[in-house]
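Spelled out from the first residue to the last, the chains are:
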Amino acid sequence: MSESIDISRIVVAQQVLDLIPAQLARRFEILPLRRENDVLWLVCSDPDNLAAVRQVENITGLTLQLLTPQHVAALRQAIRRFYPENLGGDNAAGLLQRIVNRALQLRASDIHLAPDADGGLIQLRIDGRLVPDMRLSSESCQELISVIKIQSRLDIAEKRTPLDGGMSLALPGETVDMRVATIPTIHGEHVTMRLLSQDNLDHLEALDKLGFSPVHYRLLLEALAEPNGIILLSGPTGSGKTTTLYAALRYLRQSGARHLVSVEDPVEKPLEGVTQVKIDADNERVTFNKALRSILRHDPDVIMIGEIRDGETGDIAVKAALTGHLVLSTLHTNSAAGVLTRLVNLGLAPFLVASTMRLAIAQRLVRRPCPYCVSYRTPTAEECRTFGWHQDEDIRVPVANGCSYCGGRGYSGRCAIYEIIPVDREIRHLIMQQADDRALAEHAYNQLKLPSMRGDGADKIRRGMTTVEEVGMACGGI
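Model, not experiment: these values are computed from the prediction.

Caption draft 1: Expanded view of the sheet that holds strand β16 (residues 357-369). A sheet is described by the order of its strands in space; here 7 strands give the open sequence β13-β12-β14-β15-β11-β16-β19, paired in mixed fashion. Two strands in the sheet have a free side with no partner beyond their single neighbour: β13 (275-278) and β19 (411-422). Each adjacent strand pair in this sheet contributes to an overall mean axis angle of 20 degrees, direction not counted. Judged from the 4 bridges that link them, strand β14 (residues 302-305) and strand β15 (residues 326-331) form a sheet pairing that is parallel. Looking at β15, one finds that I305 is bridged to S329. Relative to the sheet, helix α9 (residues 241-252) contacts β11 (229-234), β12 (260-264), β13, β14, β15, β16 and β19, its axis offset from that of β15 by approximately 170 degrees.

Caption draft 2: Quick peek at the pairing of strand β4 (residues 63-69). Counted residue by residue, β4 has 5 buried out of 7 residues, so it is predominantly covered. Across 5 bridges, the pairing between strand β3 (residues 39-44) and β4 is parallel. Directly across from L40, in β4, lies its bridge partner L64. Each parallel crossover has a hand, and the one from β3 via helix α3 (residues 50-60) to β4 is right-handed.

Caption draft 3: Region of the structure containing the nonpolar core. Residues I231, L328, L340, M357 and I431 are the most contacted members of the largest nonpolar core, which totals 76 residues. Look past the residues within four positions of M357 in its chain and what remains in contact with it is I230, L232, V339, L340, L343, V423 and R428. Judged by nonpolar contacts, the second largest core, of 33 residues, contains I99, L124, I145 and L169.

Caption draft 4: Expanded view of the pairing of strand β9 (residues 174-185). Judged from the 9 bridges that link them, strand β8 (residues 163-171) and β9 form a sheet pairing that is antiparallel. Residue pairing for β9: L171 is matched across the bridge by E174. Between β9 and strand β10 (residues 188-195), which pair antiparallel one after the other, the connecting turn spans 2 residues.

Caption draft 5: Examining the sheet that holds strand β1 (residues 3-5) more closely. Reading across the sheet, the 4 strands line up as β1-β4-β3-β2 and stay open at both edges, with mixed pairing between neighbours. Since the sheet does not close on itself, it has two edges, and those belong to β1 and β2 (30-36), each with one partner. Direction aside, the axes of adjacent strands within the sheet are offset by 35 degrees on average. In terms of strand pairing, β1 meets β4 through 3 bridges, oriented parallel. Residue pairing in the sheet places S4 in a bridge with T68 of β4. Packing against the sheet, helix α4 (residues 72-82) makes contact with β2, β3 and β4, and its axis sits at approximately 75 degrees to β2.

Caption draft 6: Up close: the packing of aromatic side chains. Taken as a whole and assessed by the stated rule, the structure comprises 3 aromatic pairs. Seen in terms of ring centroids, F212 and Y418 are 4.0 Å apart; in terms of plane orientation they differ by 20 degrees. Their pairing is stacked. Separated by 206 residues along the polypeptide, F212 in the loop between α7 (202-205) and α8 (214-224) and Y418 in strand β19 bring together distant segments of the chain. When the ring centre of Y405 is taken as origin, the NZ or CZ atom of R34, which lies over that ring, is 5.1 Å away. Its guanidinium or amino end placed over the ring of Y411, R367 lies 4.0 Å from that ring's centre, counting from NZ or CZ.

The rules behind the values
- Residues numbered from 1 in each chain as written.
- Predicted model: local features only at pLDDT ≥ 70, side-chain atom pairs only at ≥ 80, totals over all residues.
- Heavy atoms only, no water.
- Pairing = 2+ DSSP bridges.
- Helix = DSSP H or I, 4+ residues; strand = E, 2+ residues; numbered from the N terminus.
- Axes fitted to C-alpha atoms, helices over the stretch in contact; angles between N-to-C directions.
- Contact = heavy atoms within 4.5 Å.
- Buried < 20%, exposed > 50% of the residue type's maximum accessible area, 1.4 Å probe, protein only.
- Right-handed = clockwise from strand over helix to strand, strands pointing away.
- Core = buried A, V, L, I, M, F, W, Y, C linked by side-chain atoms within 4.5 Å.
- Phe/Tyr/Trp six-rings, centres within 6.5 Å; stacked < 30°, edge-to-face > 60°.
- Lys NZ or Arg CZ within 6 Å of the ring centre and 35° of its normal.

Such coordinate-based values are descriptive only and should not be taken to indicate function.
Here it is as structure tokens:
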């Protein structure tokens, strides 16, 4: 019986793809994964198809190790991406299609086109890290930027002002939605494209699949069950805040008894069962503040605000919570305790913050070790002191090695580490006294015995979900 494999987490090297003709791969629904000496690992939808097996053996001259996909649909999509049919031409539009398709192959979240003195550099953000991919000539770079701006409905003549837009690009078998932003630099316009719709990621966005520890998950569910109040998430750009908010909305919509409304800039993904309002700040017809005031007249139960950016937005959120609504939003701070003090710094009255806040969450994203090449070692004495482990405990920490399945990076995918502070009676008292971040954190971690972000990272290291190096980069000081 052949081994089953999750094809959605695999990166295939080009030299391995070249072993099998594209027409044959599409016909028999097969995909080569890696070659080791005279053995070729091959995933196929029907391992019992002896004609396909013999034909591949004759073409490659290699011994086959057959694998089956966990999901046949994922295999078919991977074949379309790795063996694209009729993918663009030799012009800039065709180059754009090839670049986006390669980003999908490597599971990138963003594409950067960075101009320089010699032309331009295409960089891909893969699992949170920026990876150089290809160089372009000056002529190709300018043509590509023009095509991107035209398809994103941006002013092609405007090169001195930052622009924002979006586009949908048709590829074989799928349509990719992207958010596009440009900014002028000394060498020309830098273009960043955020890929918004790669796969059907519903199973990854389920609230219980995001990696919350049991105690954090319980606190979050208790807060979401409240009829009113504010739940705020914090973290740097790209730390997964929107994913967590969407997962919370998906959880809340299950009952069907609440009217869910979101105000976003932009709307990242369409979410069935949620009334999503897109901000149009360019002409100020639909601003955050105008939308929020209007939404309160539409009988919402839950309001999701993309970001609390100023005191006015915060004031509307507080008033919404006071009038019987549950409000979910984000705020840029470095810690969960910082969320509570930041609201006061925005000019909100401490007693309003204390009476409306339910939960403050801070999060960071860390990379998961590749399941196909991960190994384990004993932690050092310094690591035991840092993470609070006892050296006599039987602890094994993951090591990212790198293999053909993960493109040699040693990592595949990401998960979040969290710290969460529930607003109890003592926290309310501290907010009223305008206590600093340290006092709030000490109560949460010393009195309530809740795990800090580093503590949550230590737990995920022990569970094999990430590495010491990743938690060290996320939390610092390790």
